Amino acid sequence: MEVENKELSGREKDEASIKLLRKLREQLYSSDASNRRRAAYKLSWMQEDGLDILKAVLFGDCPVPSKNASAYGLRKMRGRMKKMALEVLEQGLKHRDNAIRGICRNALQMLGQKVPKMAAPPKKPVSHLAIREIPNKRGSGRRVITRRTRR
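Residues numbered from 1 in each chain as written. Predicted model: local features only at pLDDT ≥ 70, side-chain atom pairs only at ≥ 80, totals over all residues. Heavy atoms only, no water.

Draft legend 1. Representation of the overall build of the protein. Counting secondary structure elements, the protein contains six helices and zero strands. In sequence order, the secondary structure elements of the protein are arranged as α-α-α-α-α-α. For the protein, with 151 residues in total, the buried portion stands at 26%. Summarising the internal contacts of the protein: among those between residues at least 6 apart in sequence, 52% fall at separations of at least 24. By element, 52% of the accessible surface of the protein is carried by carbon and sulfur atoms, the whole surface being about 12,600 Å². (Helix = DSSP H or I, 4+ residues; strand = E, 2+ residues; numbered from the N terminus. Buried < 20%, exposed > 50% of the residue type's maximum accessible area, 1.4 Å probe, protein only. Contact = heavy atoms within 4.5 Å. Areas by Shrake-Rupley, 256 points an atom, 1.4 Å probe, with all protein chains shown as cover.)

Written as C-alpha coordinates, this is what we have:
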(Lines give C-alpha, C1' and ligand atoms only; values in the text may rest on other atoms or scores of the structure.)
Protein backbone atom coordinates (compact mmCIF):
# COMPACT_ATOMS: atom_id res chain seq x y z
CA MET A 1 0.00 0.00 0.00
CA GLU A 2 1.47 3.34 -0.98
CA VAL A 3 1.30 6.40 1.21
CA GLU A 4 0.00 9.42 -0.60
CA ASN A 5 2.11 12.53 -0.22
CA LYS A 6 -0.69 15.00 -0.32
CA GLU A 7 0.27 18.67 -0.10
CA LEU A 8 -1.42 20.51 2.72
CA SER A 9 -3.48 23.57 1.98
CA GLY A 10 -3.09 26.74 4.05
CA ARG A 11 -6.07 25.92 6.27
CA GLU A 12 -4.85 22.39 6.98
CA LYS A 13 -1.39 23.72 7.86
CA ASP A 14 -2.96 26.14 10.29
CA GLU A 15 -5.02 23.39 11.91
CA ALA A 16 -1.96 21.15 12.21
CA SER A 17 0.14 23.91 13.73
CA ILE A 18 -2.64 24.83 16.17
CA LYS A 19 -2.84 21.20 17.30
CA LEU A 20 0.93 21.06 17.73
CA LEU A 21 1.02 24.31 19.71
CA ARG A 22 -1.83 23.11 21.93
CA LYS A 23 -0.01 19.82 22.53
CA LEU A 24 3.26 21.57 23.41
CA ARG A 25 1.48 23.97 25.75
CA GLU A 26 -0.08 21.03 27.59
CA GLN A 27 3.33 19.38 27.86
CA LEU A 28 4.69 22.50 29.60
CA TYR A 29 2.38 21.61 32.50
CA SER A 30 3.54 17.99 32.59
CA SER A 31 4.73 16.41 35.83
CA ASP A 32 7.79 15.02 34.02
CA ALA A 33 10.65 17.52 33.89
CA SER A 34 12.13 16.18 30.67
CA ASN A 35 8.78 16.52 28.88
CA ARG A 36 8.49 20.13 30.06
CA ARG A 37 11.99 20.99 28.87
CA ARG A 38 11.52 19.21 25.54
CA ALA A 39 8.27 21.08 24.90
CA ALA A 40 9.91 24.41 25.81
CA TYR A 41 12.80 23.66 23.46
CA LYS A 42 10.41 22.84 20.61
CA LEU A 43 8.48 26.03 21.29
CA SER A 44 11.72 28.00 21.11
CA TRP A 45 11.95 27.03 17.43
CA MET A 46 8.44 28.24 16.63
CA GLN A 47 9.18 31.94 16.32
CA GLU A 48 6.36 34.29 17.41
CA ASP A 49 3.89 31.57 18.37
CA GLY A 50 6.42 29.88 20.63
CA LEU A 51 7.47 33.19 22.16
CA ASP A 52 3.86 34.08 22.94
CA ILE A 53 3.21 30.75 24.64
CA LEU A 54 6.45 30.82 26.65
CA LYS A 55 5.79 34.40 27.74
CA ALA A 56 2.21 33.56 28.78
CA VAL A 57 3.42 30.63 30.87
CA LEU A 58 6.21 32.65 32.49
CA PHE A 59 3.96 35.54 33.52
CA GLY A 60 0.76 33.55 33.98
CA ASP A 61 -0.70 31.77 36.97
CA CYS A 62 1.28 28.55 36.52
CA PRO A 63 3.34 26.29 38.76
CA VAL A 64 6.99 27.24 39.22
CA PRO A 65 8.37 24.17 37.37
CA SER A 66 6.43 25.24 34.26
CA LYS A 67 7.83 28.76 34.63
CA ASN A 68 11.35 27.31 34.84
CA ALA A 69 10.76 25.31 31.66
CA SER A 70 9.45 28.45 29.99
CA ALA A 71 12.60 30.34 30.95
CA TYR A 72 14.62 27.45 29.51
CA GLY A 73 12.75 27.81 26.22
CA LEU A 74 13.36 31.56 26.19
CA ARG A 75 17.07 30.95 26.78
CA LYS A 76 17.17 28.58 23.81
CA MET A 77 15.59 31.02 21.35
CA ARG A 78 17.72 31.53 18.27
CA GLY A 79 17.93 33.97 15.40
CA ARG A 80 15.78 37.07 15.30
CA MET A 81 13.73 35.93 18.32
CA LYS A 82 16.74 35.88 20.66
CA LYS A 83 16.55 39.64 21.25
CA MET A 84 12.82 39.48 21.98
CA ALA A 85 13.34 36.60 24.40
CA LEU A 86 15.99 38.62 26.27
CA GLU A 87 13.55 41.51 26.52
CA VAL A 88 10.92 39.19 28.02
CA LEU A 89 13.43 37.94 30.61
CA GLU A 90 14.41 41.53 31.46
CA GLN A 91 10.72 42.40 31.90
CA GLY A 92 10.54 39.55 34.37
CA LEU A 93 13.16 41.27 36.55
CA LYS A 94 10.66 44.08 37.15
CA HIS A 95 7.71 41.79 37.91
CA ARG A 96 6.06 41.97 41.32
CA ASP A 97 6.26 38.19 41.90
CA ASN A 98 9.48 37.07 43.59
CA ALA A 99 9.44 33.67 41.90
CA ILE A 100 9.32 35.22 38.42
CA ARG A 101 12.09 37.67 39.30
CA GLY A 102 14.30 34.84 40.54
CA ILE A 103 13.65 32.65 37.51
CA CYS A 104 14.42 35.49 35.10
CA ARG A 105 17.51 36.48 37.08
CA ASN A 106 18.88 32.93 36.89
CA ALA A 107 18.08 32.64 33.18
CA LEU A 108 19.88 35.89 32.37
CA GLN A 109 22.87 34.88 34.47
CA MET A 110 23.07 31.59 32.57
CA LEU A 111 23.11 33.55 29.33
CA GLY A 112 26.05 35.59 30.63
CA GLN A 113 24.09 38.82 31.00
CA LYS A 114 24.94 41.26 33.73
CA VAL A 115 22.06 41.39 36.15
CA PRO A 116 21.72 44.16 38.73
CA LYS A 117 21.69 43.03 42.32
CA MET A 118 18.33 42.62 43.96
CA ALA A 119 17.39 45.48 46.22
CA ALA A 120 17.07 44.46 49.83
CA PRO A 121 13.50 44.51 51.08
CA PRO A 122 12.78 47.51 53.26
CA LYS A 123 13.27 46.78 56.94
CA LYS A 124 10.39 47.26 59.29
CA PRO A 125 11.02 49.92 61.91
CA VAL A 126 11.63 48.54 65.38
CA SER A 127 8.87 49.56 67.69
CA HIS A 128 9.81 50.87 71.13
CA LEU A 129 6.54 49.56 72.39
CA ALA A 130 7.44 45.90 72.22
CA ILE A 131 4.96 43.43 73.64
CA ARG A 132 6.35 41.84 76.76
CA GLU A 133 5.13 38.88 78.67
CA ILE A 134 3.35 39.71 81.92
CA PRO A 135 4.68 37.59 84.80
CA ASN A 136 2.27 35.39 86.68
CA LYS A 137 1.33 36.81 90.10
CA ARG A 138 1.54 33.53 91.97
CA GLY A 139 4.62 31.97 90.45
CA SER A 140 6.77 35.07 90.08
CA GLY A 141 7.96 35.31 93.71
CA ARG A 142 8.33 31.63 94.48
CA ARG A 143 11.61 29.93 94.53
CA VAL A 144 11.82 26.24 93.94
CA ILE A 145 13.87 24.60 96.66
CA THR A 146 15.59 21.37 95.90
CA ARG A 147 17.24 19.01 98.39
CA ARG A 148 20.76 20.07 97.53
CA THR A 149 20.20 23.75 98.32
CA ARG A 150 18.52 23.07 101.65
CA ARG A 151 21.48 22.64 103.97
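Draft legend 2. Inspection of the nonpolar core at higher detail. One finds Leu28, Leu43, Leu51, Leu54, Leu58, Leu74 and Leu89 to be the most contacted residues of the largest nonpolar core, which totals 28 residues. Going through the elements one at a time, α1 (10–28), α2 (33–44), α3 (47–59), α4 (64–75), α5 (81–93) and α6 (98–110) are the ones with two or more residues in this core. For Leu28, the residues in contact, after removing those within four places along its chain, are Arg36, Ala39, Ala40, Leu43, Ile53, Leu54, Val57, Ser66 and Ala69. (Core = buried A, V, L, I, M, F, W, Y, C linked by side-chain atoms within 4.5 Å.)

Draft legend 3. Examining the packing of aromatic side chains more closely. A complete count under the given rule lists one aromatic pair for this structure. Summarising the aromatic geometry, the rings of Tyr41 and Trp45 are spaced 6.4 Å apart at their centres and angled 70 degrees between planes, so their arrangement reads as edge-to-face. A relative accessible area of 36% places Tyr41 in the partly exposed class. Note on Trp45: relative accessible area 52%, which makes it exposed. Looking at Arg37, its charged tip hangs above the ring of Tyr72, at a distance of 3.8 Å from the centre. (Phe/Tyr/Trp six-rings, centres within 6.5 Å; stacked < 30°, edge-to-face > 60°. Lys NZ or Arg CZ within 6 Å of the ring centre and 35° of its normal.)

Draft legend 4. A look at unusual backbone geometry. In this structure, Gln47 is a non-glycine residue whose phi angle is positive, near 55 degrees. Mapped onto the elements of the fold, Gln47 is located in helix α3.

Draft legend 5. Focus on the side chain of Ser70. Secondary-structure assignment places Ser70 in helix α4. Given the relative accessible area of 0%, Ser70 is considered buried. Excluding residues that lie within four positions of it along the chain, Ser70 makes contacts with Leu54, Lys55, Val57 and Leu58.

Draft legend 6. Here's a closer look at the environment of Glu26. By the element assignment, Glu26 lies in helix α1. Note on Glu26: relative accessible area 54%, which makes it exposed. For the pair Glu26 and Arg36, spaced ten residues apart in sequence, the C-alpha separation works out to 9.0 Å.

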